[in-house]
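Coordinate analysis (summary)
Spelled out from the first residue to the last, the chains are:
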Amino acid sequence: MNKLLNNIRELVLKINRFKYRGYDIHPTVQISLGVRIDKSYPKGIHIGEETYIAKGAYIFSHDYCRALHIDTFIGRRCFIGANAIILPGVKLGDNTIVGAGAVVTKSFEGGVILAGNPAKIIRSGIITRKFGMIKHDSEKQ
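Now for a quick tour of the structure. (Residues numbered from 1 in each chain as written. Predicted model: local features only at pLDDT ≥ 70, side-chain atom pairs only at ≥ 80, totals over all residues. Heavy atoms only, no water.)

**So, the overall build of the protein chain**
For the protein chain, the helix and strand inventory stands at one helix and 16 strands. Relative to the globule expectation of 14 Å for 141 residues, the C-alpha radius of gyration of the protein chain, 15 Å, shows essentially globular dimensions. If you line up the protein chain on its principal axes, its C-alpha atoms span 50 × 40 × 20 Å. When each of the 141 residues of the protein chain is scored for burial, the buried share is 40%. The contacts of the protein chain with a sequence gap of at least 6 include a subset with a gap of at least 24, amounting to 26%. A total accessible area of about 8,400 Å² is found for the protein chain, and carbon and sulfur atoms account for 56% of it. If the 21 positive side-chain charges of the protein chain are averaged to one point and the 11 negative ones to another, these points end up 6 Å apart. (Helix = DSSP H or I, 4+ residues; strand = E, 2+ residues; numbered from the N terminus. Rg over C-alpha atoms; globule rule 2.2 N^0.38 Å. Buried < 20%, exposed > 50% of the residue type's maximum accessible area, 1.4 Å probe, protein only. Contact = heavy atoms within 4.5 Å. Areas by Shrake-Rupley, 256 points an atom, 1.4 Å probe, with all protein chains shown as cover. Lys, Arg positive; Asp, Glu negative; His and termini not counted. Charge placed at Lys NZ, Arg CZ, Asp CG, Glu CD.)

Structure, rendered in structure tokens:
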């Protein structure tokens, strides 16, 4: 039964990946259902390897009011929490975790945990594993 569920999940992910053609999204990125990625400027979305984007997140690469199309970057091994919003032009470094519901209005270096509206650093100096899972002190070497 678990094997069947895994096969179905893999099929859904492959179908989901098809709708993101034209974007710069690494093949190892996991995108939950219900994620909204800007369709106005698809080549402006850049997402690094082994990143996970949780349900309900929004990632923008345009600002209609300012007639702006600008690249948005999410680094390697990041985690974007449920219902988080990444605004256009933001650059998130590798190993960044964005908390659920956070609104990221500016760029941040890697190795941080962000939360709030507007998002602020609540912890720095972190290292993540695949899909933005925090490495514990015993794993850091």
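What follows continues from the structure just given.
**Details of the nonpolar core**
Ranked by internal contacts, the top residues of the largest apolar core, which has 25 residues, are Ile37, Ile47, Ile80, Leu92, Val98 and Val104. Counting only elements with at least two residues in this core, the list comes to β4 (45-47) and β15 (112-115). (Core = buried A, V, L, I, M, F, W, Y, C linked by side-chain atoms within 4.5 Å.)

**Overview of the sheet that holds strand β11 (residues 85-86)**
Spatial strand order, β3-β6-β11-β14: four strands in an open sheet with parallel pairing. Each end of this open sheet is capped by a strand with a single partner; those strands are β3 (36-37) and β14 (103-104). As paired elements, β3 and strand β6 (residues 58-59) share two bridges and run parallel to each other. What sits directly across from isoleucine 37, in β6, is isoleucine 59. (Pairing = 2+ DSSP bridges.)

**Considering the sheet that holds strand β2 (residues 30-31)**
Judged by pairing direction, the sheet is mixed, and its six strands sit side by side in the order β2-β5-β10-β13-β15-β16 without closing on themselves. The open sheet terminates on both sides in strands that have one partner only, identified here as β2 and β16 (120-124). Sheet topology places strand β5 (residues 52-53) next to strand β10 (residues 79-80); two bridges connect them, and they run parallel. Bridge assignment links tyrosine 52 to a residue of β10, and that residue is phenylalanine 79.

**Structural notes on the packing of aromatic side chains**
The description of an aromatic ring pair uses the distance of the two centres, along with the angle that the planes make with each other. Inspection of the entire model under this criterion finds three aromatic pairs. Relative to phenylalanine 131, the ring of tyrosine 52 lies with its centre 6.4 Å away and its plane at 70 degrees, an arrangement referred to as edge-to-face. Note that tyrosine 52 is positioned in strand β5 and phenylalanine 131 in the segment after β16, a separation of 79 residues in sequence. With centroids separated by 6.0 Å and ring planes inclined at 10 degrees, the aromatic side chains of tyrosine 58 and phenylalanine 60 adopt a geometry described as stacked. One aromatic cluster in this structure is built from Tyr52, Phe79 and Phe131. (Phe/Tyr/Trp six-rings, centres within 6.5 Å; stacked < 30°, edge-to-face > 60°.)

**Side note on the environment of lysine 39**
Relative to the elements of secondary structure, lysine 39 occurs in the loop between β3 and β4. Considering only alpha carbons, one finds lysine 39 and tyrosine 23, 16 residues apart in sequence, at a separation of 9.1 Å.

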